[in-house]
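Examining the three-dimensional arrangement
Each chain, letter by letter, is given below.
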Amino acid sequence: MSNLYASIQASLAERPEATVLEAGGQTWTAQALDQWVGRYASALVEIGLQPGDRIAVQIEKSAANIALYLAALRLGAIYVPLNTAYVEREIEYFFGDAEPRVCVVAPTRYENLSAVARSTGVEHCVTLGANGEGSLAELVERQTREHEVVARAANDLAVICYTSGTTGRSKGAMISHGNLVSNADALIAAWGFTADDVLLHALPLYHIHGLFVALHCALLSGARILLQPKFDARAALEALPRATVMMGVPTFYTRLLAEPKLDRESVRNVRLFVSGSAPLLVDTFEQFEARTGHRILERYGMTETGMIASNPLHGERRAGTVGHPLPGVSVRITNDAGEPVPNGTIGNVEVKGPNVFQGYWRMPEKTATEFRADGYFITGDLGMFDADGYLRLIGRAKDLIISGGLNVYPKEVEEALDAFPGVAESAVFGIPHPDFGEAVAAAITLRPGATVDPEAILATLRTQLAAFKTPKRIFILDELPRNAMSKVQKAVLRDRYKDAFGN
Ligand code: AMP
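What comes next concerns the included structure.

Conventions adopted
Residues numbered from 1 in each chain as written. Predicted model: local features only at pLDDT ≥ 70, side-chain atom pairs only at ≥ 80, totals over all residues. Heavy atoms only, no water. Core = buried A, V, L, I, M, F, W, Y, C linked by side-chain atoms within 4.5 Å. Buried < 20%, exposed > 50% of the residue type's maximum accessible area, 1.4 Å probe, protein only. Contact = heavy atoms within 4.5 Å. Near = heavy atom within 4 Å. Polar contact = N/O pair within 3.5 Å; in protein donor to acceptor, adjacent residues only side chain to side chain. Areas by Shrake-Rupley, 256 points an atom, 1.4 Å probe, with all protein chains shown as cover. Helix = DSSP H or I, 4+ residues; strand = E, 2+ residues; numbered from the N terminus. Nonpolar A, V, L, I, M, F, W, Y, C, P; charged D, E, K, R; others polar. Phe/Tyr/Trp six-rings, centres within 6.5 Å; stacked < 30°, edge-to-face > 60°. Lys NZ or Arg CZ within 6 Å of the ring centre and 35° of its normal. Pairing = 2+ DSSP bridges. Axes fitted to C-alpha atoms, helices over the stretch in contact; angles between N-to-C directions. Salt bridge = Lys/Arg side-chain N within 4 Å of Asp/Glu carboxyl O.

1. Looking at the nonpolar core
- By size, the foremost hydrophobic cluster in this structure holds 124 residues, and its most contacted members are Ile55, Leu68, Tyr69 and Leu136.
- Once you skip the residues sitting within four places of it in the chain, Tyr69 turns out to touch Leu4, Tyr79, Val159, Leu180, Leu211, Phe212, Leu215 and His216.
- Core analysis: the second largest hydrophobic core is formed by 21 residues, Ala56, Ala98, Val105 and Met174 among them.

2. Some words on the site of the ligand
- Contacts to the ligand come from 16 residues, most closely from Glu298, Arg299, Thr303, Asp381 and Lys487.
- Between Glu298 and the ligand, the recorded distance is 2.9 Å, taken from a side-chain N or O atom to a nitrogen atom.
- Here Lys487 contributes a side-chain N or O atom positioned 2.9 Å from an oxygen atom of the ligand.
- When the free accessible area of the ligand is taken as 500 Å², the share hidden by the protein chains comes to 90%.
- Residue assignment for the shell around the ligand shows that the elements contributing at least two residues are β13 (297–302) and β19 (391–396).
- Residues of the shell around the ligand, tallied by class, amount to six nonpolar, five polar and five charged.

3. Section: helix α1 (residues 4–14)
- Within the sequence span of α1, burial applies to Leu4, Tyr5, Ala6, Ile8, Ser11 and Leu12.
- For α1, the elements touching its buried residues are β1 (19–23), α2 (30–47), α3 (63–74), α7 (177–191) and α8 (208–221).

4. Thoughts on the packing of aromatic side chains
- Under the counting rule described, the total for this entry stands at 17 aromatic pairs.
- Each ring, one from Tyr253 and one from Phe273, has its centre 6.0 Å from the other, and the planes form 80°; the classification is edge-to-face. On the criterion of sequence distance, the pair formed by Tyr253 in helix α10 (residues 250–257) and Phe273 in strand β12 (residues 272–275) is long-range, its members being 20 residues apart.
- Judged by its relative accessible area of 1%, Phe273 is buried.
- Chaining the aromatic ring pairs together yields one cluster made of Tyr86, Tyr93, Phe94 and Tyr162.
- A cation over an aromatic ring shows up here: Arg271 above the ring of Phe193, its NZ or CZ 5.7 Å from the ring centre.
- Here Arg318 stacks its cationic end above the ring of Tyr390, 3.9 Å away from the centre of that ring.

5. Details of the side chain of Thr303
- Here Thr303 shows up in the loop between β13 and β14 (306–310).
- Of the residues examined, Thr303 reaches a relative accessible area of 12% and is grouped as buried.
- When sequence neighbours within four positions are dropped, the list of residues in contact with Thr303 reads Cys161, Thr163, Ala173, Ile175 and Ile208.

6. Focus: unusual backbone geometry
- Non-glycine residue Ser277 carries a positive phi angle of around 85°.
- Locating Ser277 in the fold gives a position in the loop between β12 and α11 (282–292).
- Located in the positive-phi region is Arg362, a residue other than glycine, with phi close to 55°.

7. Quick notes on the sheet that holds strand β2 (residues 26–29)
- Read across the sheet, nine strands follow the order β2-β1-β10-β9-β11-β12-β13-β14-β15 without closing on themselves; strand pairing throughout is mixed. Unpaired on one side and paired on the other, β2 and β15 (324–325) mark the two borders of the sheet.
- In the sheet, β14 pairs with β15 via two bridges, with the strands oriented antiparallel. The partner of Ser310 across the bridge, within β15, is His324.
- Docked against the sheet, α3 engages β1, β2 and β10 (224–227), running at close to 130° with respect to β1.

8. Brief notes about the pattern of salt bridges
- Applying the stated criterion to the full structure yields 28 salt bridges.
- Of the charged contacts in the structure, one is a salt bridge between Asp381 and Arg396, with a shortest N-O distance of 2.8 Å. Of the two residues, Asp381 is situated in strand β18 (residues 377–385) and Arg396 in strand β19; the sequence distance between them amounts to 15 residues.
- For Arg396, a relative accessible area of 28% puts it in the partly exposed group.
- The shortest N-O distance in the salt bridge between Asp386 and Arg392 comes to 2.8 Å.
- Overall, Asp386 belongs to the buried group, its relative accessible area being 10%.
- On the accessibility criterion, Arg392 (24% relative accessible area) is partly exposed.
- Each of the salt bridges in this network shares a partner with another, and the network as a whole consists of Glu316, Arg318, Asp386, Asp388 and Arg392.

Here it is as structure tokens:
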């Protein structure tokens, strides 16, 4: 039985009376959670959801959202999580592309989204609110039986996750039960999860970080989840004394650092802070260590592959790197011909292993172009291995700037900019230039109270970087444009400044 939920159920059955979930002042024992999931599965079947059907979900984060996700796994349906920020026009695309039989939406959006559901041929539209209200919740309350776990093969689909894709059409990454189980097992071993752990969960449930990495590690090891509806630095600080593990995107850590109350005492029981989904600045890593004594463990992954690499639990956690490939996951760096290059050379990051997804939903041609003949998936990230095997990410292949025919890796320029005392963060990107084709441009934000002179920065940079890498312009912003997972949206910057050189 390769259904991920069968493994979760077996883990829950080991300690039925243990509390595994706390949310909104309520708690669930392992047994209560399994029974609740069983009733959710029964309700979904009553609505008309069958194994293999898709169920699209755009709701606020809540304990019921977890039960709904687990119920979809349990009955062998394919869960399609949708970012709560998506507007109707976007939802129309996702419904039309995924063709779910059932959609679950927030009660406040029912009127608009049920119309979208009708126009795209979705048969059933039900609601589930953040406080456990809605037509689906009512149906669950009426269930008297718990639906059984439906058998699934390892390569049967569990989830279709639309990738945030900063440009072009969103692609549905098809993720199987086997993908999820293998990745969760690797992470539990790598990060030493046990039933004694208490996980502070403040990540969204529509993205792999919060939905897979955080939930699966906790549920498969019998740990307790402290569920917070969203990340709020003060609420996190209040819960941290009870937590042993926190997972976050880099912004969580910069926001925690802005809280004067963050100190060693407030994190006395935490054994592990994990960061991922976007690069963690070396500065954040160092400041966090100085304040709390913790070296944040940075890991690297993506929707299509789950987690790929991680800094070690025991051993040196090296700032600015994402550590070593996880057990069972092969990572290689290649040139554009797909040939492996030696350590110390920048190239394409490629990945192979049981974690790698099954392809893009209904895009066989797109899928084919992203895989090498020998099965390696081309991540689109650029990186290199240090001499001793630590992986460093340098940027996205599509971020690569080619100025006057010369390659510029944004990360190198960003690191030089970040080293200026007044600079908080930077993003380096290419914009059209009449002479060079593309020119290097930079957006920076400043530390509180700092003032900088862009010309002085440029003069210093010219002594540190080749002229072709030095930005032609520096724009000072209040904040960098970011998506929900804290990734800087360079496409937004490229678009905003596309005419800066008067094209
Ligand atoms: P997503 O599919 O939304 O999870 O985005 C995956 C992408 O996020 C990767 O391909 C990387 O470009 C980026 N990413 C994830 N983790 C890290 C990290 N630790 N450092 C830098 N970039 C990261």
